[in-house]
Amino acid sequence: MSVFNPYLNVIKKAIKQDPKLQQRLFSATQEDSAFDTSYIKALRNELPNPKNINESVNLIKGMGTSVVGDLPKLGNHPDFKYLRYTDESEDHWIISGFIDVKDSTKLFNRFTKATVALITEGIVQASIFAVNLCDGYVHRIQGDGLMVYFGGKNKDKAESVKNALKAFAMISYFVKNDLKDFFAANSVTEIYTRAGLDLGHNSQVRWLYSGSGDAGEVTTCSLHTSLAPKMQSNAVSNGVVVGQNIVTQITTKQYFKKKRNPIWEYGDGRTYDQYDFNWEKYIIDKGIGVQDRYGNVILTIGETKQKQSLNKINLVPIAQISKPYFD
């Protein structure tokens, strides 16, 4: 059972009920107003909300992973929200991440805009869930993409890096695997994600309130916040590119492959490197997922080291909803 099932199931229902798909009017110029899309409202209500976002609460608890709590407001990192409406600033490290769904505009050729909106909303909400599950903060929603932060005060930097990698691995998995087969069955093969992650240390990040009045947000001014979306643009389909500062925080370097060209040149001979992140290998090695006998990656929740000391009480809900094999 995938932790993303509530989002995937809603997307499936929306596609199956789409009138444009049912009538095979892919090349027609008929306006969406000619179609009955009243079913969308009910489907939107099926997406997890703050009250039921943990659709796998029993599974999550049983695998030793914390349950998602209240979601912080956008543009309002809880550790720096005191800066809102002020002219003060603070220097503090943070991990900035950008993830975007690419080629989603091609969905308009096949589905009504109501269905396209629900597909992208499902992907965005699933991404928000993964980010918050991994102790991150969604800073901004940009169409069908997200800008996120990991870390903050009283947070361990190395642990936050691991959380960021875990979250982006989960999101990449969801789009590449959970959605892939169903999309392919409906002749949708172009949808994929690209992501970028980078870490700025204390001396490299300034937190401040940017904007005027209510038209503003608590955000960061940092080279490394700016480099993250550039790395995203350098990622392959369903790929994640990370900065040199991220790699130095991870003891095991086998998950990273340096790209030929650096992402930044300081102008004094120094360069800053970027790396492709092998998130599929990371998922297997870190206990985020397992591999079935056919070599397919199956996403799970929890760390391998925690499975050895699971409480039998916590295993009961898992046994009720999960098969003991992957076939």
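Only a predicted model underlies this, so the values are computations on that prediction, with no experimental measurement involved.

Reading the values: the criteria
- Residues numbered from 1 in each chain as written.
- Predicted model: local features only at pLDDT ≥ 70, side-chain atom pairs only at ≥ 80, totals over all residues.
- Heavy atoms only, no water.
- 1 Å grid on protein atoms, 1.4 Å probe; cavity = no way out; pocket = protein on both sides within 12 Å on 5 of 7 lines; lining within 4 Å.
- Points joined across faces, edges and corners; volume = space filled by probe spheres on them.
- Helix = DSSP H or I, 4+ residues; strand = E, 2+ residues; numbered from the N terminus.
- Nonpolar A, V, L, I, M, F, W, Y, C, P; charged D, E, K, R; others polar.
- Salt bridge = Lys/Arg side-chain N within 4 Å of Asp/Glu carboxyl O.
- Buried < 20%, exposed > 50% of the residue type's maximum accessible area, 1.4 Å probe, protein only.
- Expected span 1.5 Å × (residues − 1).
- Polar contact = N/O pair within 3.5 Å; in protein donor to acceptor, adjacent residues only side chain to side chain.
- Pairing = 2+ DSSP bridges.
- Axes fitted to C-alpha atoms, helices over the stretch in contact; angles between N-to-C directions.
- Phe/Tyr/Trp six-rings, centres within 6.5 Å; stacked < 30°, edge-to-face > 60°.
- Lys NZ or Arg CZ within 6 Å of the ring centre and 35° of its normal.
- Contact = heavy atoms within 4.5 Å.

A. Examining empty space enclosed by the protein more closely. All chains considered together, the criterion is met by two cavities of 30 Å³ or more. The space that makes up the largest cavity amounts to roughly 60 Å³. Residue lining of the largest cavity: Ile99, Asp100, Val101, Ile123, Val124, Ser127, Asp144, Gly145, Leu146, Ile171 and Thr193, and that is the complete set. At the level of elements, strand S2 (94-102), helix H5 (113-133) and strand S4 (145-150) are the ones that each hand at least two residues to the lining of the largest cavity. Split by residue class, the lining of the largest cavity holds six nonpolar, three polar and two charged. The calculated volume of the second largest cavity comes to roughly 40 Å³. Taken together, Pro72, Lys73, Gly75, Asn76, His77, Pro78, Tyr137, Val138, His139 and Tyr149 make up the lining of the second largest cavity. Here the element with the most residues in the lining of the second largest cavity is strand S3 (residues 136-142); it accounts for three residues.

B. Representation of the pattern of salt bridges. All told, the structure shown has twelve salt bridges when counted by the stated rule. Close ionic contact of Glu217 with Arg140 constitutes a salt bridge, the shortest N to O distance being 2.2 Å. Within this pair, whereas Glu217 is found in strand S7 (residues 215-221), its partner Arg140 is found in strand S3, the two being separated by 77 residues in sequence. Judged by relative accessible area, which is 18%, Glu217 ranks as buried. In this structure, Asp285 and Lys281 form a salt bridge, with 3.4 Å as the shortest nitrogen-oxygen distance. One end of the pair is Asp285 and the other is Lys281, both in helix H10 (residues 279-285) and four residues apart, which spans about a single turn. In this structure Lys281 comes out as partly exposed when scored by relative accessible area, which is 32%.

C. The arrangement of helix H6 (residues 157-178) in detail. For H6, built from 22 residues, the straight-helix expectation of 32 Å at 1.5 Å per residue is met to within 8% by its first-to-last C-alpha distance of 31 Å. Structurally, the start of H6 carries an N-cap: the backbone nitrogen of Ala158 is 3.3 Å from a side-chain oxygen of Asp156.

D. Geometry of the sheet that holds strand S1 (residues 89-91). On the basis of which strands lie adjacent, the open sheet formed by three strands has the order S1-S6-S7 and antiparallel pairing. The open sheet has two edge strands, S1 and S7, and neither has a second partner. Going from strand to strand, the sheet's axes swing by 25° on average, the running direction of each strand aside. With seven bridges connecting them, strand S6 (residues 206-212) and S7 associate as antiparallel partners. The residue of S7 that forms the bridge with Ser212 is Ala215.

E. Quick look at the packing of aromatic side chains. Enumeration according to the criterion identifies nine aromatic pairs in this entry. These aromatic residues form a ring-pair network of at least three members: Tyr255, Phe256, Phe277 and Tyr282. If you follow Arg270 out to its NZ or CZ, it ends over the ring of Tyr266, 4.2 Å from the centre.

F. Structural context of the environment of Asn238. Relative to the elements of secondary structure, Asn238 occurs in the loop between helix H8 (223-233) and strand S8 (239-243). Separated by 46 residues in the primary sequence, Asn238 and Tyr192 place their C-alpha atoms 5.4 Å from one another. Apart from residues lying up to four places away in sequence, Asn238 is in contact with Ser172, Val175, Lys176, Tyr192, Thr193 and Trp279.

Geometric descriptors of this kind do not, in isolation, establish any biological role.
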